[in-house]
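Residues per chain, in single letters:
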Amino acid sequence: MRRAACAAAFLAATSAFAVDQGDRLPDLTLPALQESAPVSLAALRGKVVYVDFWASWCVPCRESMPLLDTLYKRHRDAGFAVVGINKDVAAADAERFLKRVAVSFPLAADTKDAAAKAFNVKAMPSGYLVDRKGVVRRVHRGFTAETGAALDGEVAALLKEGS
Amino acid sequence: MRLRLIAPLAAAALLLAACAPVAPYQRGYLARDDMSLDGNFGTAKALEKTHEAKEAASGGASVGGGGCGCN
């Protein structure tokens, strides 16, 4: 009994502030990674949004970033937005990565870990698919080709839902 | 008896003070060249490259990226 209580307390402590399925998207405004306007998550309400935490040192991100860019270009006009939150220590590393893997969706910096802490990111990359009402509907931790294929269907389905 | 219990606990408390948890999103710090386990990163990389060529063991040591807690 006591062991069960201990396990429950431990689980509660480790997952205390994790953003998961069914939770609301935190209202955050982050500085842009490159020269552009700050990225506000609240301003994206009414759109289907994919918030992706990525870094140049994250190996699966080399696969996920081009795929997210394709998805973004395909569904942008239907109301789909992607926000890439960068977790590099030095902005120069991110720049070098983006020279090889150029993306067209907005990118934000998170140098003080405010966003990563708000979402309690548990793996890299971590992606949060949010519906038009601002509710997280799917969390993808890690990324493979299957994740990309599943994501395409999930985005299309959410775009069909009304706000 | 009590000492036998307290001594390891005290030792653990002292040693664990040097440990800091690294969140998955902070692993960029671990991916830095100067965080390499070898003192001389350049030489280690050259030796590894030679080893891989000789033993056909590409990727056998470690893969760049620092590990991201995924997949």
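Everything numeric here is computed off the predicted structure, so don't read it as measured data.

(A) Expanded view of the overall build of chain A. Per the secondary structure count, chain A includes five helices and seven strands. When the helices and strands of chain A are listed from N to C terminus, the series reads α-β-β-β-α-β-α-β-α-β-β-α. Within the span of chain A, comprising 163 residues, buried residues form 49% of the whole. Here the contacts in chain A between residues at least 6 apart in sequence split such that 73% fall between residues at least 24 apart. Roughly 8,000 Å² of accessible area belongs to chain A as shown, and the carbon and sulfur atoms make up 56% of that amount.

(B) Just empty space enclosed by the protein, in detail. The tally for this structure, following the rule as stated, stands at one cavity of 30 Å³ or more. Roughly 30 Å³ of volume is contained in the largest cavity. The residue inventory of the lining of the largest cavity, partitioned by class, reads five nonpolar, two polar and four charged.

(C) Examining a nonpolar patch on the surface more closely. A surface patch of nonpolar side chains, amounting to about 320 Å² of accessible area, comprises L5(B), I6(B) and L9(B). In this structure, L5(B) sits in helix α1 (residues 2-16).

(D) Seen up close, the side chain of S56(A). Residue and element names in this part refer to chain A. The residue S56 is located in the loop between β3 (48-54) and α2 (61-75) in this model. Given a relative accessible area of 16%, S56 falls into the buried group. A distance of 2.7 Å separates polar atoms of two side chains, one belonging to S56 and the other to D88. Apart from the residues lying within four places of it in its own chain, the contact partners of S56 are R62, D88, D93 and F97.

(E) Seen up close, unusual backbone geometry. Residue and element names in this part refer to chain A. A cis geometry characterises the amide bond from M124 onward to P125, with omega recorded as -5°. Looking at the element boundaries, P125 is found in the loop between α4 (114-119) and β6 (126-130). Non-glycine residue D113 carries a positive phi angle of around 65°. If you trace the backbone, D113 turns up in the loop between β5 (107-109) and α4. D113 gets classed as buried once you look at its relative accessible area, which sits at 13%. Even without being glycine, N120 reaches a positive phi, approximately 50°.

(F) Up close: the pattern of salt bridges. All names here are of chain A. What the rule picks out here adds up to nine salt bridges over all chains. With a closest N to O distance of 2.6 Å, R74 and D152 form a salt bridge. You can see R74 sitting in helix α2 and its partner D152 sitting in helix α5 (residues 145-160), a full 78 residues away along the chain. The exposure class of R74 is partly exposed, given its relative accessible area of 49%.

About the thresholds
- Residues numbered from 1 in each chain as written.
- Chains lettered and ligands numbered in written order.
- Predicted model: local features only at pLDDT ≥ 70, side-chain atom pairs only at ≥ 80, totals over all residues.
- Heavy atoms only, no water.
- Helix = DSSP H or I, 4+ residues; strand = E, 2+ residues; numbered from the N terminus.
- Buried < 20%, exposed > 50% of the residue type's maximum accessible area, 1.4 Å probe, protein only.
- Contact = heavy atoms within 4.5 Å.
- Areas by Shrake-Rupley, 256 points an atom, 1.4 Å probe, with all protein chains shown as cover.
- 1 Å grid on protein atoms, 1.4 Å probe; cavity = no way out; pocket = protein on both sides within 12 Å on 5 of 7 lines; lining within 4 Å.
- Points joined across faces, edges and corners; volume = space filled by probe spheres on them.
- Nonpolar A, V, L, I, M, F, W, Y, C, P; charged D, E, K, R; others polar.
- Patch = residues over 30% accessible without salt bridge, like charges linked within 9 Å, V, L, I, M, F, W, Y side chains within 5 Å.
- Salt bridge = Lys/Arg side-chain N within 4 Å of Asp/Glu carboxyl O.
- Polar contact = N/O pair within 3.5 Å; in protein donor to acceptor, adjacent residues only side chain to side chain.

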